[in-house]
Amino acid sequence: MSTFSTTAELEARARISLRWLLLACAALVAVGYVTFIFWLYGSNDMLANRHSDGIPGAPGSPAVVHHLRGDVFVVSDRGMNVTVAAGRSGLLLVDTAEPPALEALDKGLDRISSLPVRFIVNTHAHHDHMGGNAFFARDGADIIATKAAADLMRADLGELVAPRNPAGFPLPNITFEDSYELRLGDETVQIVHIPDAHSPGDAVIRFVNANVIVTGDAFVDEGLPYIADDLGMTIDGYLRGMLTIADMSDDETILVPGHGPAVDRGRLLETYDRLKRIRDTVAFWKGLGVPQKFMLATYPTFAWPLRWHKYGVSQKWFAKVVYRTVEFSD
Ligand SMILES: [Zn+2]
């Protein structure tokens, strides 16, 4: 009798211990999840990083010059890229960065060629891509941009551009709606409008012979992209733009993103897949009628690599903009 009682007692104790163990594990997982979410979403900052501040490039340090292919080079400083094509009588620049990187970038240009800047193409109207227009167009270059980007520059002139460029700011004098092409020496330069992606009037620039495409911020490597939804841009427009860039490229194409080192088409497509997965996850919750704040708690950006936060926006900001702009008709 006493033996039976002892066995039953042991079994009961084992059951209670197992129950407590499971409860403790569940509590640990719950606390871990909440802590993780807090850690992840703790910052209210929109930007994951500031490319002018967060990327190495101490004042006075030289800009980095890379020869890409043919007559096309990229000069980089503080995470900002100026792509340079050398023609017979002058240079074409894609984007002009912003102070305080301009002096270093100018010295980088001198290492490529002593020819004057004849053309500037702005990928879009953000200051870190056209804040050096006045500086680099000082000898009278033509400035090319989409009409929408030029309109945005004009609209922003008062509050954004003018205070930083008190000497005056040259606006694009050549604008177009959908596409524009020009010759520079032996090179054909195609400029294509990418609608509804990063900002109004985004353009990508293709150097046909060199097989180089400059994407501006219509593709961000190692970062979640900013999407100006207040100006009508959407996640689906952004993804469509990435597919357009993929269609314009092949396996040999060198892609120069708006910020950071050049990459290939495979990297663009990998980034597209990851962004599409986030878009589909958020669309799933929104389709079920889950409010935005509960959608955030599901951590829809969980598959985005933590090391891919050099550029662009925070995970929370991105998840919210996807929620706000996702289209269900696709
Ligand atoms: Zn931008």
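Residues numbered from 1 in each chain as written. Predicted model: local features only at pLDDT ≥ 70, side-chain atom pairs only at ≥ 80, totals over all residues. Heavy atoms only, no water.

A few words on the overall build of the protein chain. When its secondary structure is counted, the protein chain shows 10 helices and 14 strands. When burial is assessed residue by residue, the protein chain has 49% of its 330 residues classed as buried. Taken as a whole, the protein chain presents about 15,800 Å² of accessible surface, with 58% of it coming from carbon and sulfur. (Helix = DSSP H or I, 4+ residues; strand = E, 2+ residues; numbered from the N terminus. Buried < 20%, exposed > 50% of the residue type's maximum accessible area, 1.4 Å probe, protein only. Areas by Shrake-Rupley, 256 points an atom, 1.4 Å probe, with all protein chains shown as cover.)

What follows covers the sheet that holds strand E9 (residues 187-193). The five strands lie next to each other as E8-E9-E10-E11-E13, forming an open sheet whose pairing is mixed. Two strands in the sheet have a free side with no partner beyond their single neighbour: strand E8 (179-184) and strand E13 (254-257). Taking each pair of neighbouring strands and ignoring which way they run, the sheet shows an average axis angle of 15°. Inspection of the sheet shows strand E11 (residues 212-216) paired to E13 by four bridges, in the parallel sense. Each bridged residue has a counterpart across the sheet, and for Val 212 the counterpart in E13 is Ile 254. (Pairing = 2+ DSSP bridges. Axes fitted to C-alpha atoms, helices over the stretch in contact; angles between N-to-C directions.)

Next up on the list: the packing of aromatic side chains. Counted according to the given criterion, the structure contains five aromatic pairs. Considering the side-chain rings of Trp 304 and Trp 308, the 5.3 Å spacing of their centres and the 75° angle between planes classify their relative orientation as edge-to-face. Among the residues examined, Trp 304 registers a relative accessible area of 2% and is labelled buried. The side chain of Arg 138 reaches across the aromatic face of Phe 135, ending 4.6 Å from its centre. (Phe/Tyr/Trp six-rings, centres within 6.5 Å; stacked < 30°, edge-to-face > 60°. Lys NZ or Arg CZ within 6 Å of the ring centre and 35° of its normal.)

The next point concerns the confidence of the model for the protein chain. Detail in the predicted coordinates should be disregarded across regions flagged by low pLDDT. Of the residues in the protein chain, 87% have a pLDDT of 70 or more, and the chain-wide mean is 88. Low pLDDT, under 50, characterises residues 50-57; the stretch is placed with 16 contacts to residues that sit more than four places away or in other chains. Here the complex is predicted with pTM 0.85, and the ipTM for its interfaces comes to 0.98. (pLDDT = per-residue confidence, 0-100. Contact = heavy atoms within 4.5 Å.)

Moving on: the packing of helix H7 (residues 235-248) against helix H8 (residues 265-287). Interhelical geometry of H7 versus H8 gives an angle of 160° and a closest axis separation of 10 Å. Taken together, the axes of H7 and H8 are roughly antiparallel relative to one another. In the packing of H7 onto H8, the handedness of the crossing is left-handed. Contacts between H7 and H8 involve Ile 235, Asp 236, Tyr 238, Leu 239, Met 242, Leu 243, Ile 245 and Ala 246 from the former and Arg 265, Leu 268, Leu 269, Thr 271, Tyr 272, Leu 275, Lys 276 and Arg 279 from the latter. Considered class by class, the residues forming the contact of H7 with H8 number 11 nonpolar, one polar and four charged. (Parallel < 35°, antiparallel > 145°, perpendicular 65-115°, else oblique. Left-handed = near helix turned anticlockwise from the far one by under 90°. Nonpolar A, V, L, I, M, F, W, Y, C, P; charged D, E, K, R; others polar.)

On the surface, Asp 250, Asp 251, Glu 252 and Asp 264 cluster together to form a negatively charged patch. Of note, Asp 250 is situated in the loop between H7 and E13. Overall, the relative accessible area of 37% leaves Asp 250 in the partly exposed class. (Patch = residues over 30% accessible without salt bridge, like charges linked within 9 Å, V, L, I, M, F, W, Y side chains within 5 Å. Salt bridge = Lys/Arg side-chain N within 4 Å of Asp/Glu carboxyl O. Lys, Arg positive; Asp, Glu negative; His and termini not counted. Charge placed at Lys NZ, Arg CZ, Asp CG, Glu CD.)

Pairing analysis gives six bridges linking E8 to E9, with the strands arranged antiparallel. Opposite Ser 179, over in E9, you have Val 192 as the bridge partner. Linking two consecutive strands that pair antiparallel, namely E8 and E9, is a turn of two residues; a positive phi of about 60° is found at Gly 185 within it. Inspection of the sheet shows E9 paired to strand E10 (residues 203-207) by five bridges, in the antiparallel sense. Within E10, the position partnered with Val 192 by the bridge is Val 204.

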